[in-house]
Amino acid sequence: MKSLKERILELKKEKNAVILAHYYQEADIQDVADYVGDSLGLSQEAMKVDADIILFAGVHFMAETAKILNPTKKVILPDLKAGCSLAESCPADKFEKFIAAHPEHVVITYVNCSAEVKALTDIVCTSSNAVKIVESIPKETPIIFAPDKNLGKYIIQKTGRDMLLWDGSCVVHEAFSLDKLIALYKENPDAKIIAHPESETHILKTAAYIGSTAGMIEFVKTDPSTKFIVATEAGILHKMKQEVPNKILIPAPSEEDNTCACSECGYMKMNTLQKVYDCLLNESPEIFVPDSIMKKALIPIERMLELSK
């Protein structure tokens, strides 16, 4: 009897489909994907897809972004309930009022937001290019940055820009325990702490390197150290281990007393290999974005991609 992975690969060929997966997906899903990446890489890849179907193994806003960038393709998501705490922290109606209350500001939103919020935006960014995009705005121009306040604070510190921040955050990246992290570091003083900029400031202060998921993977590949404490969603460890099999990777501890003692995104883990198979078989659930929102949201995403070349 064929394995689920084999059946997915057969279906993918039969239906002329491509599977795009985020680094935070479970290992089995990453193994059947045509491309595994972070938000920027996935956006760039989605635009290039010429297959009939894009199966997006990630969360809802990522699948929406793929649909916006490649509107003629059928975009499907294994579980429609795979949302994002950060995206949900910024409802479009409230954000629209916030923008109206602060006219003359350029609006920059992190890609982790809904299509409706992107449609209210001047330019989108990811953690890979946020600093570059903020620095592309003239110094005298005031900026609204949303929805992630922790990424916003990190960018302010890196650029010296005074930005107005929306009060949103990611529960996964705010779950790290500083006390447990310090205790872990004392046990492993030869390790380098690396962190995602969505983490809180007190965590970032401990880090030898701060960067996007793709940036963190590149860092462990090129840095001469042999041991790293990794402060981001634990799904990244699968790809990291493949890239640096001889290095020691330790997940940063979270406040939760859970089985892996690391930080995992419950939304990302809603997608399973079985759901990927069912989604491909039924070509459902499908992602739909209203045309008016799609056209408006495409402009700030294209601006980001142009600046990221």
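Heads up: the structure comes first, above all this text.
To keep things clear, this report deals only with the structure shown in the data block. Each chain carries its own residue numbering, running from 1 in the written order of its sequence. Whole-chain, interface and lining totals are the exception, using all residues; otherwise, since this is a predicted model, local features are given only for residues with pLDDT of at least 70 and side-chain atom pairs are given and counted only at 80 or more. Only hydrogens and water are set aside when side-chain values are computed; all heavy atoms of the structure are taken into account.

## Focus on the overall build of the protein chain
Helical segments are the DSSP runs of H or I of at least four residues, strand segments are the runs of E of at least two, and each set is numbered from the N terminus. A tally of helices and strands in the protein chain yields 15 helices and twelve strands. Both definitions apply: the radius of gyration is a C-alpha atom measure, and the globule rule equals 2.2 Å times residues to the power 0.38. Since a compact globule built from 309 residues should have a radius of gyration of about 19 Å, the 19 Å found for the protein chain is in line with a globular shape. With the C-alpha coordinates aligned to their principal axes, the bounding extent of the protein chain is approximately 55 × 50 × 35 Å. Any residue under 20% of the maximum accessible area for its type is buried, any over 50% is exposed, and the rest in between are partly exposed; the area is computed with a 1.4 Å probe on protein chains only. Per-residue burial over the protein chain gives 56% buried out of 309 residues. Contacts in the protein chain between residues at least 24 apart in sequence constitute 63% of all its contacts with a sequence separation of at least 6. Only the protein chains shown count as cover for residues, and all accessible areas are computed by the Shrake-Rupley method using a 1.4 Å probe. With an accessible surface of roughly 13,600 Å², the protein chain has 52% of that area assigned to carbon and sulfur atoms. In this tally, Lys and Arg are treated as positive and Asp and Glu as negative; His is ignored, and so are the chain termini. By convention, the charge on Lys lies at NZ, on Arg at CZ, on Asp at CG and on Glu at CD. Seen as two clouds, the 35 positive and the 44 negative side-chain charges of the protein chain have centres 2 Å apart. Whether two residues are in contact is decided by their heavy atoms: any pair within 4.5 Å suffices.

## Focus: the side chain of Ser 199
Looking at the element boundaries, Ser 199 is found in the loop between strand S9 (192-195) and helix H11 (201-204). According to the relative accessible area criterion, Ser 199 is buried, its value standing at 0%. Among residues more than four places away in sequence, those in contact with Ser 199 are Asn 150, His 173, Phe 176, Leu 204 and Ala 231.

## Things to note about the packing of aromatic side chains
A pair of aromatic rings is counted whenever rings of Phe, Tyr or Trp (Trp by its six-membered ring) have centres within 6.5 Å, and the orientation is called stacked for planes under 30 degrees apart, edge-to-face for over 60 and tilted otherwise. This model, assessed by the stated rule, comprises five aromatic pairs. Between Phe 95 and Trp 166, the aromatic rings sit 5.5 Å apart at their centres with planes inclined by 90°, giving edge-to-face as the arrangement. Pair noted here: Phe 95 is in helix H6 (residues 92-100) and Trp 166 is in the loop between strand S8 (163-165) and helix H10 (178-187), with a separation of 71 residues, a long-range link. Residues Phe 95 and Trp 166 agree in their burial class; the two are buried.

## A short note on the packing of helix H4 (residues 60-69) against helix H15 (residues 291-307)
Axis separation between H4 and H15 bottoms out at 9 Å; the angle between their running directions is 90°. When the axes of H4 and H15 are compared, the pair comes out roughly perpendicular. Where H4 abuts H15, its residues Thr 65, Lys 67, Ile 68 and Leu 69 lie against Met 294, Ala 297, Leu 298, Ile 301 and Leu 305. In the scheme used here, Gly and all other residues not listed as nonpolar or charged are polar, with Ala, Val, Leu, Ile, Met, Phe, Trp, Tyr, Cys and Pro taken as nonpolar and Asp, Glu, Lys and Arg as charged. Grouping the amino acids of the contact of H4 with H15 by side-chain chemistry returns seven nonpolar, one polar and one charged. Think of each axis as a best-fit line through the C-alpha atoms, taken over the contacting stretch in the case of a helix, with angles from 0 to 180 degrees between the N-to-C directions. Any angle that is under 35 degrees is reported as roughly parallel, and any over 145 degrees as roughly antiparallel; angles of 65 to 115 degrees are reported as roughly perpendicular and all others as oblique.

## Thoughts on the sheet that holds strand S10 (residues 209-210)
Whether two strands pair comes down to DSSP finding at least two bridges between them. The strand order S10-S9-S11-S12 describes an open sheet built from four strands, whose pairing is parallel. The open sheet is flanked by S10 and strand S12 (248-251), the only strands paired with a single partner. As judged from the four bridges shared by S9 and strand S11 (residues 227-231), these two strands associate in the parallel manner. When the bridges of S11 are listed, Ile 193 appears paired with Ile 229.

## Here we look at the environment of Ser 114
Along the chain, the position of Ser 114 falls in the loop between strand S5 (106-110) and helix H7 (115-118). Among the residues examined, Ser 114 registers a relative accessible area of 18% and is labelled buried. For Ser 114 and Asp 34, which are 80 residues apart along the polypeptide, the C-alpha to C-alpha distance reads 25 Å. Beyond its immediate chain neighbours, meaning those up to four positions away, Ser 114 contacts Glu 64 and Ala 87.

## Thoughts on the environment of Lys 192
By secondary structure assignment, the location of Lys 192 is in strand S9. On the basis of relative accessible area, Lys 192 is assigned to the partly exposed category, the value being 28%. Along the sequence, Lys 192 and Gln 30 sit 162 residues apart, while their C-alpha atoms lie 26 Å from each other. Once residues within four sequence positions are removed from consideration, Lys 192 is found in contact with Ala 208, Phe 219, Asp 223, Ser 225, Lys 227, Phe 228 and Ile 229.

## Digging into the pattern of salt bridges
Pairing between side chains of opposite charge can happen when their charged atoms approach one another. Counted as salt bridges are all cases of a side-chain nitrogen of Lys or Arg within 4 Å of a carboxyl oxygen of Asp or Glu. According to the stated counting rule, one finds 14 salt bridges in the structure shown. Residues Lys 149 and Asp 167 are paired through a salt bridge, measuring 3.1 Å at the closest nitrogen-oxygen approach. Of the two residues, Lys 149 is situated in helix H9 (residues 149-159) and Asp 167 in the loop between S8 and H10; the sequence distance between them amounts to 18 residues. Judged by its relative accessible area of 24%, Lys 149 is partly exposed. Within the structure, one salt-bridge network assembled from shared partners comprises Lys 5, Asp 28 and Asp 31.

## Brief notes about the sheet that holds strand S3 (residues 53-57)
The strands making up a sheet associate through hydrogen bonds between their backbones, and the pairing can be parallel or antiparallel. With parallel pairing, four strands are arranged side by side in an open sheet as S2-S1-S3-S4. The sheet is open, and its two edges are formed by strand S2 (35-37) and strand S4 (74-76), each paired on a single side. The sheet shows a mean angle of 20° between the axes of neighbouring strands, direction not considered. Bridging between strand S1 (residues 17-22) and S2 involves three bridges; their strand directions are parallel. Looking at the pairing, Ala 21 lines up with Val 36 of S2.

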